[in-house]
Amino acid sequence: IKRKKQTKISYFLSEQIPYYKGDEPGSITYVEKSNVSFLRNSCINGLNVSFLPQKLINLNPNYGFENMVSNLDVLLCKDANIGDACLYIEDKKNKDEITVYSSGIIKPNFKDEKYKYYCLAFFKDNYFLQQLDAKTPKGSTIRHSGDRFMDCLIPLLQEDEEWIYDAFENLLKNIAYAEVVSFNKLHESEEIINILIERKVKKCC
């Protein structure tokens, strides 16, 4: 890139707790329906800013979970599809519902809220992804990047460029929320189509 002044991702993170780790509850906790949703690596991809709600699975709430994700948290995959990231948009029908994330995902703990969207924008960019790929050991079936994302470099803004943080926040939020609305409309359309098909089948029978 043209900008010479760059800094490590760790610059934007808390020194005490730079990130939080997810947990792997195991298939024994999987159930068909519950108020606990499990967000796995497959819920995050390189195309969408938000996560894929149709990929969520349910967990037995009796096991108890602590690695919860909150609205507008950034999530980053450290295993398998390493480098894929998303902005978690809460879209729950019930206030008692919670979402937890897997051990293949980490939740960066930013020093300041304004850094969140700036870093997320670069998490989605090839400049960051190629660095992380180069730092991650090759050869294993499932690759693990650990905390190497913290050593990847991104451009450092000057004092007179602080406005860029707000611009990135607005853009990424707009994209993520638009995706959520689109997913919901698509789901509603599918439900209507399925109902119409069922009615037609019943009439034929």
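See the structure above.
Residues numbered from 1 in each chain as written. Predicted model: local features only at pLDDT ≥ 70, side-chain atom pairs only at ≥ 80, totals over all residues. Heavy atoms only, no water.

Draft legend 1. Quick look at helix 2 (residues 126-135). F128, Q131 and L132 are the residues of helix 2 that are buried. End-on, the buried residues of helix 2 take up no more than an arc of 95°, which puts them together on one face. Structural note: helix 2 exposes Q130 and A134 on the side pointing more than 90 degrees away from its buried face. Structurally, helix 2 contributes buried residues whose contacts are with strand 6 (74-77), helix 1 (113-123) and strand 10 (153-155). You can read the cap of helix 2 off the contacts: a side-chain oxygen lies 2.8 Å from the backbone nitrogen of Y127, and it is on D125. (Buried < 20%, exposed > 50% of the residue type's maximum accessible area, 1.4 Å probe, protein only. Helix = DSSP H or I, 4+ residues; strand = E, 2+ residues; numbered from the N terminus. Arc of directions from axis to C-beta. Contact = heavy atoms within 4.5 Å. Polar contact = N/O pair within 3.5 Å; in protein donor to acceptor, adjacent residues only side chain to side chain.)

Draft legend 2. Here's a closer look at the sheet that holds strand 5 (residues 57-59). Strands sit in the order 3-5-4-8 across an open sheet of 4 strands; the sheet is mixed. The open sheet terminates on both sides in strands that have one partner only, identified here as strand 3 (30-31) and strand 8 (98-101). Sheet analysis places strand 4 (residues 36-39) next to strand 8, joined by 4 bridges and oriented parallel. Among the inter-strand pairings, S37 is bridged to a residue of strand 8, identified as T99. (Pairing = 2+ DSSP bridges.)

Draft legend 3. Local environment of the pairing of strand 9 (residues 105-108). Where burial is concerned, the two faces of strand 9 agree: the one with I105 and K107 and the one with I106 and P108 are both buried. In this sheet, strand 9 lies alongside strand 2 (residues 19-21) in antiparallel orientation, the contact comprising 3 bridges. Residue pairing for strand 9: Y19 is matched across the bridge by P108. As paired strands, strand 6 and strand 9 are joined by 2 bridges and run antiparallel to one another. The residue of strand 9 that forms the bridge with C77 is I105.

Draft legend 4. Just the nonpolar core, in detail. Counting residues in each nonpolar core, the largest one holds 32 residues, and the members touching the most others are L87, F123 and F149. Broken down by secondary-structure element, the contributors of at least two residues to this core are strand 6, strand 7 (85-87), helix 1, helix 2 and helix 3 (163-204). A per-element tally of this core places helix 1 first, with 7 residues. Other than its neighbours up to four places away in sequence, L87 contacts V49, S50, F51, L72, D73, V74, K116, Y117, L120, L172, K173 and A176. If you look at the next biggest cluster of nonpolar residues, it comprises 11 residues, including C43, C86, Y101 and I105. (Core = buried A, V, L, I, M, F, W, Y, C linked by side-chain atoms within 4.5 Å.)

Draft legend 5. Geometry of the pattern of salt bridges. Scanning the entire structure with this criterion turns up 7 salt bridges. Notably, a salt bridge pairs K8 with D151, separated by 3.8 Å at the nearest N-O pair. Placement of K8 in strand 1 (residues 6-8) and of D151 in the loop between helix 2 and strand 10 is noted, with a sequence separation of 143 residues between them. Its relative accessible area of 36% is what places D151 among the partly exposed residues. K173 is the partner of E169 in a salt bridge, and the nearest nitrogen-oxygen pair spans 2.8 Å. Placement of the pair is E169 and K173 together in helix 3, with a separation of 4 residues, close to one helical turn. (Salt bridge = Lys/Arg side-chain N within 4 Å of Asp/Glu carboxyl O.)

Draft legend 6. Expanded view of the packing of helix 1 against helix 3. Their axes nearest at 8 Å, the elements helix 1 and helix 3 cross at an angle of 65°. Taken together, helix 1 and helix 3 sit at an angle that is classed as roughly perpendicular. Helix-helix and strand crossings are classified by hand; for helix 1 and helix 3 the assignment is left-handed. Of helix 3, the residues touching helix 1 (which contributes K114, Y115, Y117, Y118, L120 and A121) are I164, Y165, F168, E169, L172 and K173. Tallied by class, the residues present in the contact of helix 1 with helix 3 amount to 9 nonpolar, no polar and 3 charged. (Axes fitted to C-alpha atoms, helices over the stretch in contact; angles between N-to-C directions. Parallel < 35°, antiparallel > 145°, perpendicular 65-115°, else oblique. Left-handed = near helix turned anticlockwise from the far one by under 90°. Nonpolar A, V, L, I, M, F, W, Y, C, P; charged D, E, K, R; others polar.)

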